[in-house]
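Breakdown of the fold
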Amino acid sequence: MKYASVTDRLAGLGGAKWALHARARALKAAGEDIIEFTIGEPDVPTPEVFIEAAQRAMAAGRTGYSNGRGEPGVLAALAARYSARRGRQIGKDQIMCLPGTQTVLYAVLRALVETGDEVLIGDPMYATYEGQIVQTGATAVPVPLRPEKGFRMQVADVEARITPRSRVLFLNTPHNPTGSVLRPEDIRALGELARKHDLWIISDEVYEDMIFPGVTFSSPLDFPELSDRVVVACSISKSHAAPGFRSGWCVGPAEFCARLLPLSETMLFGSQPFIADMTALAVSNPSPVAAGMAERFANRAEMFWRALDGVSGMRVHRPEAGMFLLIDIRATGLSGNAFAETLLDQHKVAVMPGESFGDGLSGWLRLSLTQSDDKVIEACRRIAAHAASILEKAA
Ligand SMILES: Cc1ncc(COP(=O)(O)O)c(C=O)c1O
């Protein structure tokens, strides 16, 4: 049978990048005692207050059809939140609710690019971004994010890759997997470049509320001169420990949202009113769990750094936000894939190979910071033993 070309473009870009995680889960299901640092699930359950809010809304009959843009209550709550946080008026007509950042990015890219267009994207990148871009027919153009620059995107690196086909500069701040946070001066310089070349800026800010102590978050939405070209994507998945609710939104120019609306209506025919009510409550107050997660994750990142940086030539990159930490294992001579596979087999520790996040992380590992401190201590011991035995064998 004949299939549309999108199935070819996406082949290998879905679950294939998570093969090690799937293997670790299978080993766990078979009774093995695996310490798992692969995916980024919040380390606390969804707060009871949000579950009760969704239940109350369901019991009150908020289970009918909605509309393609979002329920008025959640749009108003998001408009108030963004106006307060970004220091300028953001209206309800500049917001659109969709099921999670993942769907937001899918729809936003669909609305902005197509075959023949190019999207400039930092490498390393979150594992699903390449698929998000190529589903549209556009090409992902990787912009190297350099460890020596704190993995923050550099204007010169973007400029060198701009062509007449460039349409979108795709940012992610705070960044997964590197944990870097763009500074206002980074955004200003990247924004000037975007204006010069008439590029849209997409900014995935799903970790906005998980900034480590001493770091400040800035968004391209902070810059009024960029307001006609910025689209921010976000959700309650991480900040409110509620990934299963699939509740996200984008914030962008009113005209952009108006054009996106038929796409959302075609795709979804509206989202769930009881989830909209729960989300309105969630975004109207500071998250009861985000600050605690950020504090715990920052502490665990320090634990990894103290235990492993410099050990057997490994270098630990200290994140500024989010849920992940990177370890450079190139000194062992192994790829991230080979190190992670053998670590799982020999030491029962599951980590993600850097290669799953782009060529820029070949020879690195990504670890989630969501396991208990005790497990972190034990994993550090096993990772150090593994690296030492690899070096010993090579000597
Ligand atoms: C950078 C980034 N964007 C988007 C997502 C997906 O978010 P959501 O659950 O809102 O679809 C993730 C999840 O890990 C992520 O790390």
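Residues numbered from 1 in each chain as written. Predicted model: local features only at pLDDT ≥ 70, side-chain atom pairs only at ≥ 80, totals over all residues.

Take the nonpolar core next. By size, the foremost hydrophobic cluster in this structure holds 120 residues, and its most contacted members are Val108, Val168, Leu169, Trp249, Cys250 and Leu365. Domain assignment of the residues forming this core places at least three in each of domain 1 (5-44 + 289-394) and domain 2 (48-284). Excluding residues that lie within four positions of it along the chain, Leu365 makes contacts with Leu326, Ile327, Ile329, Gly336, Phe339, Ala340, Val351, Met352, Pro353 and Gly354. (Core = buried A, V, L, I, M, F, W, Y, C linked by C-beta atoms within 7 Å. Buried ≥ 20, exposed ≤ 12 C-beta atoms within 10 Å, placed from the backbone. Domains from an automatic or database assignment. Contact = placed C-beta atoms within 7 Å.)

Once that is clear, we can look at the domain arrangement of the protein chain. Here the protein chain is partitioned into domain 1 (5-44 + 289-394) and domain 2 (48-284). Centre-to-centre separation of domain 1 and domain 2, based on C-alpha positions: 26 Å. Listed per partner, the contact involves 31 residues of domain 1 and 31 residues of domain 2. Looking at which element gives the most residues to the side of domain 1 that touches domain 2, the answer is helix H11 (residues 290-308), with four residues. Looking at the side of domain 1 that touches domain 2 residue by residue, the classes come out as 18 nonpolar, seven polar and six charged. (Helix = DSSP H or I, 4+ residues; strand = E, 2+ residues; numbered from the N terminus. Nonpolar A, V, L, I, M, F, W, Y, C, P; charged D, E, K, R; others polar.)

Before going further, it helps to spend a moment on the sheet that holds strand S5 (residues 166-172). The strand order S2-S8-S7-S6-S5-S3-S4 describes an open sheet built from seven strands, whose pairing is mixed. Single-partner strands in this sheet number two, and they are strand S2 (95-98) and strand S4 (139-144). Within the sheet, the average angular offset between the axes of one strand and its neighbour, ignoring direction, is 25 degrees. Examined bridge by bridge, strand S3 (residues 118-123) and S5 share four bridges and lie parallel to one another. Paired with Glu118 across the strands is Ser166, a residue of S5. Contacts between helix H5 (residues 100-112) and the sheet are confined to S2, S5, strand S6 (200-204), strand S7 (230-235) and strand S8 (248-251), with S7 contributing the most and set at about 160 degrees to the helix. Against the sheet, helix H9 (residues 254-267) contacts S2 and S7, and its axis sits at roughly 25 degrees relative to S2. (Pairing = 2+ DSSP bridges. Axes fitted to C-alpha atoms, helices over the stretch in contact; angles between N-to-C directions.)

Close to the ligand lie 13 residues; Gly100, Thr101, Gln102, Ser235 and Ser237 are nearest. Per element, the largest residue contribution to the shell around the ligand is three residues, and it comes from H5. For the shell around the ligand, the class distribution of residues is three nonpolar, nine polar and one charged. (Near = placed C-beta within 6 Å.)

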